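A closer look at the structure
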Amino acid sequence: MSMQNENPNFFYAVDFNEEQRLRTVFWVDAKARLDYRHFSDVVLLDTMHVKNECKLPFVPFVGVNHHFQVFLLGLAFVSDESESTFSWLMRSWLRAMGGCAPKVMLTDCDEALKKAVAEVAPESWHCFCLWHVLSKVPEKLGRVMQRHGGEFLTRFNECVLRSRTKEQFEKRWGKMVGKFELGDESWLWDIYEDRERWVPAFMKGRVLAGLSTVQRSEAMNCLFDKYVQRKTTLKEFVEQYRVVLQDKCEEEAKADFVTLHRQPALKSPSPYGKQMVELYTNEVFKKFQSEVLGAVACHPRKEREDGPTKVFRVQDFEDNEDFVVTWNESTLEVLCACYLFEFNGFLCRHVMIVLQISAVHSIPPRYILKRWTKDAKSRQTAGDLSMSDAVVSDSRAKRYNNLCQQAFQLGDVGSLSQESYIAAINALEAALRKCKSLNDSIHSVKEPNLPCSGSQEGILISNSVGHSNKRDSTLGKRKVSLVLQCQALCLCSRLCFLNLRNPFVCLSYVVMLNRYAQNQRQLLLE
């Protein structure tokens, strides 16, 4: 219950077996639910801690924010790895996230997970984490590796990681199977059947935002591995979970501050660097700039031309490898066989050298992902509210949740300075007084209780906000943001209680306050 008190709009769900024993429990905090609206393109369901037979078999939902930082989008304890368990878990998670499935769902290469994703989120592209597949090779093909030593692993990696087209992959795979007599290896054929879910050459049209890598990333290791050990108890885990959330909030706050006040130094006169340093967050720009600098080691040569489509072979002297780049000058579409854009979400050095010789001096808009920009969280989404939305919100629970979402946004923009913080608090209190006055003029109507969860699942919404003891932080902005969010949520809760017949008035004030806080932010930036 302490999580509920400290986290307005906190969601939890529990599942029981036939004997009414707890089978699965899932929860997600309010900030994660809000952040998902901005970063719902790629989500990783990480079952590593279940498969490693940890004392606490927990399953985190993981996203990546605009600073290339991984963060939690929910957490569950599961009792087994069955299709029914994963299906229930995904349904509960989607319910918490407003029913919006991610564009790409990354998981382990597991049959139960594959069926669960197909059932619950058929509209998502289901991909396997590359490092998950590669890490299983020694376990599943150990006998093959013993017979052939390192030669097999070299050929396998070359086939998977260095095949630049689907045709090249198929050709190399066939030769590998024949050379090492792998016709009876069932696991190998299983992953071959699912090759479109994990092999780089099949990733065209998908963006994995750095969550699928050859090796498990250091960021993923740090998410829980440094907090949770194999013998960690449940009580210790819950305590460490709070630490993880606080650390991730402070990491994001620090990156926000640095991006807002310090622009990275340009290391070349490239027009692409000058363009993107204004748009990308600092951490993303640093990764992009390494590609800009790497373009000087690339030599492009046009191989053929078919109308507006040109095909180049780019020799990369740093990697000592050739990459094919296809460029359509009429549609401004480009594809490189290194697949950096598909895996990381920004253009590679091979594409930029082709754009340069094609007299294209800016990155085409389609290759500037909003999720990597400084304005990633300020965009208008389907979940954002307008005043007209309030008129059709007959459900009190929906009005309450809408107000909570607006309050969290207000907390982010109103906490940028002491001045905007004071202005936001004063305006919220004025809105509360106004709503009280309006409701006093309306005949008294007995309000039903706010919906609360049953024994199985639901959303816990608290009208009072508990304050936990937080360790000292140099990042005052995040603390002010959390304080403002809590105060705003308390006021919004009271506003919702006061407004059964006039939800439009209540929500319009919060929408107005968000706009006011955004204007304050713009003035501060100017």
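Sequence order sets the numbering: in each chain, residues are counted from 1 along the sequence as written. Confidence filtering applies because this is a predicted model: local features only for residues at pLDDT of at least 70, side-chain atom pairs given and counted only at 80 or more, and all residues used for totals across whole chains, interfaces and linings. Side-chain calculation: all heavy atoms of the structure are included, whereas hydrogens and water are not.

**A word on the state of the cysteines**
Criterion for a disulfide: a pair of cysteine sulfur atoms within 2.5 Å. Taken as a whole and assessed by the stated rule, the structure comprises 0 disulfides. Left without a disulfide partner, Cys109 is nearest to the cysteine sulfur of Cys129, which lies 9.5 Å away. The exposure class assigned to Cys109 is buried, which follows from its relative accessible area of 13%. Per-residue accessibility, obtained with a 1.4 Å probe over protein chains only, is compared with the maximum for each type, and a residue is labelled buried under 20%, exposed over 50%, and partly exposed between these values.

**With respect to the side chain of His350**
Numbering goes from the N terminus for both helices and strands, where a helix is a DSSP run of H or I of at least four residues and a strand is a run of E of at least two. Among the secondary structure elements, His350 is positioned in helix α16 (residues 349-357). Setting aside chain neighbours within four positions, we find His350 in contact with Cys298, Val314, Asp316, Phe323, Val325, Cys336 and Cys338. Two residues qualify as a contact provided that any one of their heavy atoms is within 4.5 Å of a heavy atom in the partner residue.

**Some words on the side chain of Ser40**
By secondary structure assignment, the location of Ser40 is in the loop between α2 (30-36) and β3 (42-45). Leave out the neighbours within four places in its chain, and Ser40 touches Pro102 and Lys103.

**Let's talk about the sheet that holds strand β11 (residues 333-336)**
Here we have 4 strands laid out as an open sheet, ordered β8-β9-β10-β11, and antiparallel in their pairing. Only two strands of the sheet have a single neighbouring strand rather than two, namely β8 (298-306) and β11. Between one strand axis and the next, the sheet turns by 20 degrees as a mean value, whatever way the strands run. Any two strands between which DSSP finds at least two bridges are classified as paired. Two elements, strand β10 (residues 321-328) and β11, share 4 bridges in a ladder whose sense is antiparallel. Working convention: axes come from line fits to C-alpha atoms, limited for helices to the stretch in contact. Angles between N-to-C directions cover 0 to 180 degrees.

**Some points on the packing of helix α6 (residues 130-140) against helix α8 (residues 150-161)**
In the contact formed by α6 and α8, the axes pass within 12 Å of each other and the chain directions differ by 160 degrees. Classified by the angle between their axes, α6 and α8 sit roughly antiparallel to one another. Considering how the two elements wind past one another, α6 and α8 form a crossing that is right-handed. Contacts between α6 and α8 involve Leu130, Leu134 and Val137 on the former and, on the latter, Phe152, Leu153, Phe156, Asn157, Val160 and Leu161. Three classes are used: nonpolar for Ala, Val, Leu, Ile, Met, Phe, Trp, Tyr, Cys and Pro, charged for Asp, Glu, Lys and Arg, and polar for all others, with Gly counted as polar. Looking at the contact of α6 with α8 residue by residue, the classes come out as 8 nonpolar, 1 polar and no charged. Throughout, the term roughly parallel applies to angles under 35 degrees, roughly antiparallel to angles over 145, roughly perpendicular to angles from 65 to 115, and oblique to all others. Put simply, a crossing is left-handed when the front helix is turned counterclockwise from the back one by less than a right angle, and right-handed when it is turned clockwise.

**What to know about the pairing of strand β1 (residues 10-16)**
On a regular strand, one side chain projects to one face of the sheet and the next to the other, so that they alternate. Across the 7 residues of β1, 6 count as buried, placing the element largely inside the fold. Where β1 and strand β2 (residues 22-28) come together, 6 bridges link them in antiparallel fashion. By the bridge assignment, Ala13 is partnered in β2 with Phe26. Linking β1 back to β2 in an antiparallel pair, the connection comprises 5 residues, with Gln20 at a positive phi of about 60 degrees.

**So, the pairing of strand β5 (residues 70-78)**
Across the 9 residues that make up β5, a large majority, 9, are buried. Pairing analysis gives 4 bridges linking β2 to β5, with the strands arranged antiparallel. Within β5, the position partnered with Thr24 by the bridge is Val78. As paired elements, strand β4 (residues 58-64) and β5 share 6 bridges and run antiparallel to each other. In the strand pairing of β5, Val59 is matched with Ala76.

**Some words on the pattern of salt bridges**
Every case where a carboxyl oxygen of Asp or Glu lies within 4 Å of a side-chain nitrogen of Lys or Arg is listed as a salt bridge. Under the criterion given, the structure shown has 25 salt bridges. When the shortest N-O distance is used, the salt bridge between Glu111 and Lys114 registers 3.6 Å. With a gap of 3 residues between them, Glu111 and Lys114 both fall in helix α5 (residues 111-120), about one helical turn apart. Between Glu321 and Arg164 there is a salt bridge, with the nearest N and O atoms lying 2.7 Å from each other. Residue Glu321 is found in strand β10, and its partner Arg164 is found in the loop between α8 and α9 (166-179); the two are separated by 157 residues along the sequence. In terms of burial, Glu321 and Arg164 fall into one category: buried. One connected set of salt bridges, linked through shared partners, spans Lys31, Asp35, Glu252 and Lys377.

**Examining the packing of aromatic side chains**
How two aromatic rings sit relative to each other is given by the distance of their centres and the angle of their planes. Ring geometry is summarised as follows: Phe, Tyr and Trp rings, the Trp one being its six-membered ring, pair when their centres sit within 6.5 Å, and such pairs are stacked at plane angles under 30 degrees, edge-to-face over 60 and tilted between the two. Across all of its chains, the model carries 20 aromatic pairs by this definition. Through pairs of rings, three or more aromatic residues link up here, namely Phe152, Phe156, Phe169, Trp173, Phe180, Trp189, Tyr192 and Phe202. Here the basic side chain of Lys179 rests over the ring of Phe180, its NZ or CZ set 5.7 Å away from the ring centre. Note on criteria: charge over ring means Lys NZ or Arg CZ within 6 Å of the ring centre, with the direction from the centre no more than 35 degrees off the ring normal. Of note, Arg371 hangs over the ring of Trp372, and the distance from its end group to the ring centre comes to 4.6 Å.

**Focus: the nonpolar core**
Remark: nonpolar core denotes a set of buried residues (Ala, Val, Leu, Ile, Met, Phe, Trp, Tyr, Cys) joined through side-chain atoms within 4.5 Å. Residues Phe156, Trp173, Phe288 and Ile363 are the most contacted members of the largest nonpolar core, which totals 77 residues. Sequence-distant contacts of Ile363, that is, excluding residues within four places in its chain, are made with Tyr272, Gln275, Met276, Phe288, Leu347, Met352, Leu355 and Ile368. Core analysis: the second largest hydrophobic core is formed by 33 residues, Phe39, Leu45, Phe86 and Ala116 among them.

**Re the confidence of the model for the protein**
Predictor confidence is given residue by residue as pLDDT, running from a minimum of 0 to a maximum of 100. Per-residue pLDDT for the protein averages 81, and the proportion of residues at 70 or more is 73%. Within the protein, no element has a lower average pLDDT than strand β12 (residues 457-460), which sits at 39, and none a higher one than helix α13 (residues 271-276), at 98. Confidence over residues 445-480 falls short of pLDDT 50; this stretch has 85 contacts with residues more than four positions distant or in other chains. Predicted confidence is poor over residues 492-513, with pLDDT under 50, and the contacts of this stretch with residues over four places away or in other chains come to 63 contacts.

**Remarks on unusual backbone geometry**
Unlike most non-glycine residues, Phe68 shows phi in positive territory, near 65 degrees. Checked against the element boundaries, Phe68 lands in the loop between β4 and β5. Its relative accessible area of 17% is what places Phe68 among the buried residues.

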